[in-house]
Amino acid sequence: ACGGYTAARKFFAAAEAYGLQTEVQSWGHTLTAAANLHMMLGLGTGRLGSTCFEQAAPAEPYEVGMVDVVRVDAEGMVRVPNSPEKPGGLGVRVDWEKLDEIATHRTVI
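Below is a short write-up of the structure. (Residues numbered from 1 in each chain as written. Predicted model: local features only at pLDDT ≥ 70, side-chain atom pairs only at ≥ 80, totals over all residues. Heavy atoms only, no water.)

1. Overview of the pattern of salt bridges
Enumeration over the complete set of coordinates arrives at 6 salt bridges. Of the charged contacts in the structure, one is a salt bridge between Asp73 and Arg79, with a shortest N-O distance of 3.1 Å. Linked by salt bridges that have partners in common, Glu60, Glu63 and Arg71 make up one network. (Salt bridge = Lys/Arg side-chain N within 4 Å of Asp/Glu carboxyl O.)

2. Side note on empty space enclosed by the protein
Counted under the stated rule, the structure contains 1 cavity of 30 Å³ or more. When its volume is computed, the largest cavity comes out at roughly 80 Å³. In terms of lining residues, the largest cavity is bounded by 13 residues, among which Gly28, Ala33, Gln55, Ala56 and Val70 are the most central. (1 Å grid on protein atoms, 1.4 Å probe; cavity = no way out; pocket = protein on both sides within 12 Å on 5 of 7 lines; lining within 4 Å. Points joined across faces, edges and corners; volume = space filled by probe spheres on them.)

3. A word on the packing of aromatic side chains
All chains considered together, the criterion is met by 1 aromatic pair. Here the aromatic rings of Phe11 and Phe12 are separated by 6.1 Å at their centres, their planes lie at 85°, and the arrangement is edge-to-face. (Phe/Tyr/Trp six-rings, centres within 6.5 Å; stacked < 30°, edge-to-face > 60°.)

Take it as geometry only, folks, not as evidence of what the structure does.
In structure tokens form, the structure reads like this:
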């Protein structure tokens, strides 16, 4: 399903009503992974919630321009970033200088 948080909430509710387990495609850049991880944990509760977290391999190409990354740890778990050094929101920091350095196109709105 696509359509943002509201569509995802409806999808999770429908799956739960039918006793189906859900999985959110979380493969991609760190920002995508962080957003999907938060959504999975916020909406996919209980035994029918999302239990799988997809991670690109190798991960490094999908972490460009990030100070913090979301990675599966040695125990096979992924944890929501929440250390005191990180801001609110998704809990990952963007390296804006790195992105400026490698940008090939800019759009000013």
